[in-house]
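Analysis of the macromolecular model
What follows is each chain in one-letter form.
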Amino acid sequence: MSTSSSSSSSSGSSSGSENEIKIDKIQTGEQTNLVQEEGQTVYYEYVMVYLEEEVNEFTEGRKRKLFENLANVGLHTRTTKSATGDRNFMEIGTTNQVLEEWAFKTLLKVKKTSGVEDEDAGDYEEFNPDHKNLYVEAGDEGTIFNSCSRQKLLMRILEASKYKGGCGISITKLIRKKTIIDFFGLQHYEELDPLIEDWSKSWKFKQPLDRIRDYFGESIAYYFAFLAMYINFLIVLAIIGIPVAILTWPKKEESDISNQFKEQKGQVSLYYTFIVSMWITLLIELWKRRSNTLAYHWDMLDFHKIEQIRPEFKGIRQRSEITGKKQIYYPVWIRRVKMAISYFIVVCFMTAAAAAAIGINYKKLSTPNKEDYNPSMGTVIGLGAACGASIFVLNFIFKKIGPRLVDWENHKTDSEHEDSLILKFFMFQALNNYVALFFSAFISKDLEYVSTQLMSILITKQIIGQLLEVGIPWIKGKIKIRSAKKKRKKAKEAGEDVTKISQLEKESKLPKYESTVDDYLEMFIQLGFSTFFIIAFPLGPLSPLLALLNNLIEIRTDSLKLKTMRRPEPRGAKGIGKWIEVLKFVSVGVVISNCIMLSFADEIRIYGDTITTQENKLIWLICLEHGILFFKYIFHYIVPDIPKHVALSIAKEEYEKEKAHREALGRKSTTEESSTD
């Protein structure tokens, strides 16, 4: 196809005819990401979408300014009309030379071939032009950068300030000002299809993490790494929980084993609480070791040092007192005031969630004696479903408000922005999801009612969650494509020139994948359901089994979802970020919640002694809770976060760097002495 292209020297100079922008007649047709232009290969990775001038007054001058801005940093563009002619798709690409310059400048991590025995054996390192022969070929002709690396680099060029040689573009601002109406990264189906084929159709728990990382970036790869480990841990908890649930299940004719088990229910609850507390502690400690191993393998241990400033970050440009260079400054006290206001709004939403839960369970909570309130099974299930529905409604509203609050706080980096979003979302969703069960457990003290309500909420959430996560985006995509076909048909009937829908237009109709926050949030809320009420017999011990079955489906639907949605922006990460702190919070909540519920047992038998009075039970359980928390702390202290072989490798690398630095200083000193002589 013929295209309109613009380019400049990779140095970013703006002189001469190199930067002359020509806006030719826009064409339509099929696209390829790799194109030969002026004797060099151009890799197109991102697409900006804008409307025709007569639709949104997108003037030729504003278009020219945007094109010039892109060309001045060595980027290429080509523009294609939509099938109906009302939209223009401007692809943005660059050459291998520009990619190499920015890879070196931004310390991009690339995979080495040296010592590779299988797909997961090659380590990663910062790009070095002198080591190009050591890097894995991307599969595309003429470059060592795969599509993930190219999209990372291109986004850095677009978002980096002009002071640093970038475009200084904020995609969010361009969309808000309606300069463009959409922006997305291009899929590379020659890479994606084999990955999804091998990944989603395999029922092995081991995930192809290197391949996921090389296509979607570290952030998404970490999500699937944690999900796989979580599933493996759930298998253990589900196996333990099944016999406990069977033995405590109500029966017309009780067996001797069942009667004996029920007589010792308090003691079983105690041991079960300790097991679950150690289970989640072990999950935390082993994940930290796994996370640091992956961070070393992907060379992301220093990610916080190389993370780029968000283009949406606002402030005053002034000279740093430390480096002497100009940088954007935003007063910390102003952000703290904004964050305080944001958290106050979150608390207001949490209050509304608590009020809704009390309203739904008012009759149960207002009855002092549980014997006076004996609802039918249908009523209990109905109340659970009502709680599940109210949870989804309030979550839907907060998802609209939460991101706007975090944007208003004006965080400097994507990691800080996401951490703030995580805390707000988890605070609200934790209370919104658990408040009804906590009221029933701690006020009504009816654990059988809690266990039935727990199962009802879990099943409702998981069914609706899967429908919303997979079904709704698929339906929306189909509706958009069908709508585009109808427009094309009408235009054809009106005698207008209509062409085939391009791949660009098809991808623009796909639903967006925003980030991993929603996926993590769903997982951690589920973790709370599976552990906070684990001793709510008879159904509480079955909650890990339900979570396991859901996650076996989730890990495959999440992988398939990545193919049926737009390509996510590949983002770097050192681990799961603030979610590790959320996990620690949940682990403490597990101990406290189950110890409180232990106090509701008729009796607790410890080493042959029976504790029956409420005062003695309370004292003993406070000691138990403190003991378990102390044991968790000791376990955390003695288990190193970094495996020995990784720590040794890091130490060797630091030694080699220091040695090379000393040798370089020695050579410099020798040269200066020779010059003096």
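Numbering of residues begins from 1 in every chain and follows the order in which that chain's sequence is written. Only residues with pLDDT of at least 70 are given local features in this predicted model, and only at 80 or more are side-chain atom pairs given and counted; all residues enter the totals for whole chains, interfaces and linings. Note that the side-chain values use all heavy atoms of the structure and ignore hydrogens as well as water.

1. So, the overall build of the chain
In this description a helix means any DSSP run of H or I spanning at least four residues, a strand means any run of E spanning at least two, and both kinds are numbered starting from the N terminus. Per the secondary structure count, the chain includes 22 helices and 11 strands. Only heavy atoms enter the contact rule, under which two residues are in contact if any of them lie within 4.5 Å. Within the chain, contacts between residues at least 6 apart in sequence are counted, and of these 76% link residues at least 24 apart. Here the accessible surface of atoms and residues is derived via Shrake-Rupley with a 1.4 Å probe, and residues count as covered only by protein chains that are part of the display. Accessible surface, the chain as shown: approximately 33400 Å² in total, 58% of it carbon and sulfur.

2. Concerning the nonpolar core
General note: in soluble globular proteins, nonpolar side chains tend to be found buried as a group. In plain words, nonpolar cores are sets of buried Ala, Val, Leu, Ile, Met, Phe, Trp, Tyr and Cys residues tied together by side-chain atoms within 4.5 Å. The buried label applies to any residue whose accessible area, calculated with a 1.4 Å probe on protein chains only, is under 20% of its type's maximum; exposed applies above 50%, and partly exposed to all values in between. Counting residues in each nonpolar core, the largest one holds 107 residues, and the members touching the most others are Ile212, Phe216, Tyr222, Tyr230, Phe426, Phe524 and Trp579. Among the elements that make up this core, the one with the highest residue count is helix α8 (residues 218–248) (18 residues). With residues up to four places along the chain from it excluded, the contact list for tyrosine 222 reads Trp287, Ser291, Leu294, Ala295, Trp298, Tyr520, Ala573, Lys574, Gly575 and Ile576. Ranked by size, the runner-up nonpolar core spans 33 residues in total, among them Leu70, Met90, Ala103 and Val110.

3. Some thoughts on the packing of helix α3 (residues 96–105) against helix α4 (residues 147–159)
The N-to-C vectors of α3 and α4 enclose an angle of 80°; their axes lie 10 Å apart at closest approach. One element, α3, and the other, α4, form an angle in the roughly perpendicular class. Across from Val98, Leu99, Trp102 and Ala103 in α3, the residues of α4 making contact are Arg150, Leu153, Arg156 and Ile157. Axis angles are defined between N-to-C directions and span 0 to 180 degrees, where every axis is a line fitted to C-alpha atoms and, for a helix, only to the segment in contact. For classification purposes, angles smaller than 35 degrees are called roughly parallel, those larger than 145 roughly antiparallel, those between 65 and 115 roughly perpendicular, and all remaining angles oblique.

4. Concerning the packing of helix α18 (residues 517–532) against helix α20 (residues 579–598)
Interhelical geometry of α18 versus α20 gives an angle of 20° and a closest axis separation of 9 Å. Between α18 and α20, the angle is such that the two are roughly parallel. Seen along the crossing, α18 lies across α20 with a hand that is right-handed. Every residue of α20 that contacts α18 at Val517, Tyr520, Leu521, Phe524, Leu527, Thr531 and Phe532 is listed here: Trp579, Val582, Leu583, Val586, Gly589, Val590, Ser593, Asn594 and Met597. In this classification, the charged set is Asp, Glu, Lys and Arg, the nonpolar set is Ala, Val, Leu, Ile, Met, Phe, Trp, Tyr, Cys and Pro, and all remaining amino acids, among them Gly, are polar. When grouped by side-chain class, the residues that make up the contact of α18 with α20 number 12 nonpolar, 4 polar and no charged. In this scheme the handedness of a crossing depends on how the near helix is turned from the far one: anticlockwise by less than a right angle means left-handed, clockwise means right-handed.

5. Considering α18
Under the 1.5 Å per step criterion, the end-to-end length of α18 is 22 Å for 16 residues, consistent within 8% with the ideal 22 Å. With 14 of 16 residues buried, α18 lies mostly within the body of the structure. Expected span, for any helix, means 1.5 Å times one less than how many residues it has.

6. Comments concerning unusual backbone geometry
The general pattern is negative phi for most residues beyond glycine and trans for most peptide bonds. Phi angles above zero are rare outside glycine, and leucine 107 is one such case at about 60°. Among the secondary structure elements, leucine 107 is positioned in the loop between α3 and β5 (109–111). Its identity as a non-glycine residue notwithstanding, asparagine 410 has a phi of 65°, on the positive side.

7. Examining α20
End to end, α20 covers 28 Å across 20 residues, agreeing with the expected 28 Å (1.5 Å per residue, within 8%). Of all 20 residues making up α20, 14 are buried, and the element is well covered by its neighbours.

8. Points about the side chain of histidine 411
Tracing the sequence through the fold places histidine 411 in the loop between α14 (377–409) and α15 (414–444). Given the relative accessible area of 5%, histidine 411 is considered buried. Among the polar contacts listed, one links the side chain of histidine 411 to the side chain of glutamate 409, at a separation of 2.7 Å. Within the local environment of histidine 411, its side chain forms a polar contact with the side chain of serine 420, the two groups lying 3.5 Å apart. Contacts described as polar in this section are N or O atom pairs within 3.5 Å, which, within protein, must combine one atom able to donate a hydrogen with one able to accept it, while residues neighboring in sequence count only if both atoms come from side chains.

9. So, the confidence of the model for the chain
A residue's pLDDT is the predictor's confidence in that residue, given on a scale from 0 to 100. Of all residues in the chain, 75% have pLDDT values of 70 or greater, and the mean over the chain is 78. Of all the helices and strands in the chain, helix α1 (residues 53–56) carries the lowest mean pLDDT, 51, while strand β7 (residues 182–185) carries the highest, 92. Long-range and interchain partners of residues 1–31, a stretch whose pLDDT sits below 50, account for 79 contacts in this model, where long-range means more than four residues apart. Note that residues 54–58 has pLDDT below 50 and, in this model, 9 contacts with residues that lie over four places away or in other chains.

10. A few points about the packing of aromatic side chains
Two rings belonging to Phe, Tyr or Trp (six-membered ring only in the last case) form a pair when the distance between their centres is within 6.5 Å. Interplanar angles under 30 degrees mark stacking, angles over 60 mark edge-to-face geometry, and anything in between is tilted. Summed over the entire model, instances satisfying the criterion amount to 30 aromatic pairs. Centre to centre, the rings of phenylalanine 349 and phenylalanine 428 are 6.0 Å apart; their planes meet at 90°, and the pair counts as edge-to-face. Here phenylalanine 428 lies in helix α15 and phenylalanine 349 lies in helix α12 (residues 332–360), a separation of 79 residues in the sequence. Looking at phenylalanine 349, the relative accessible area reads 19%, which means it is buried. Residues phenylalanine 438 and phenylalanine 532 carry aromatic rings whose centres are separated by 5.9 Å and whose planes lie at 40° to one another, so their mutual orientation is tilted. Of this pair, phenylalanine 438 sits in helix α15 while phenylalanine 532 sits in helix α18, placing them 94 residues apart in sequence. Residue classification places phenylalanine 532 among the buried positions, given a relative accessible area of 5%. To sit over a ring, a charge needs its Lys NZ or Arg CZ within 6 Å of the ring centre and within 35 degrees of the ring normal. The ring of tryptophan 102 is capped by lysine 105, whose NZ or CZ atom sits 4.0 Å from the centre of that ring.

11. Here we look at the UniProt feature "transmembrane region" (unreviewed entry) in the chain
UniProt marks residues 220–249, 269–287, 340–360, 380–398, 421–443, 532–555 and 619–639 with the feature "transmembrane region" (unreviewed entry), using the numbering shown here. Measuring from the first to the last C-alpha atom of residues 220–249 gives 40 Å, for a span that is 97% helix and 0% strand. The distance separating the terminal C-alpha atoms of residues 421–443 is 32 Å; by composition the span is 100% helix and 0% strand. UniProt positions are given in the numbering used here, feature names are shortened, and annotations may be inferred rather than shown by experiment.

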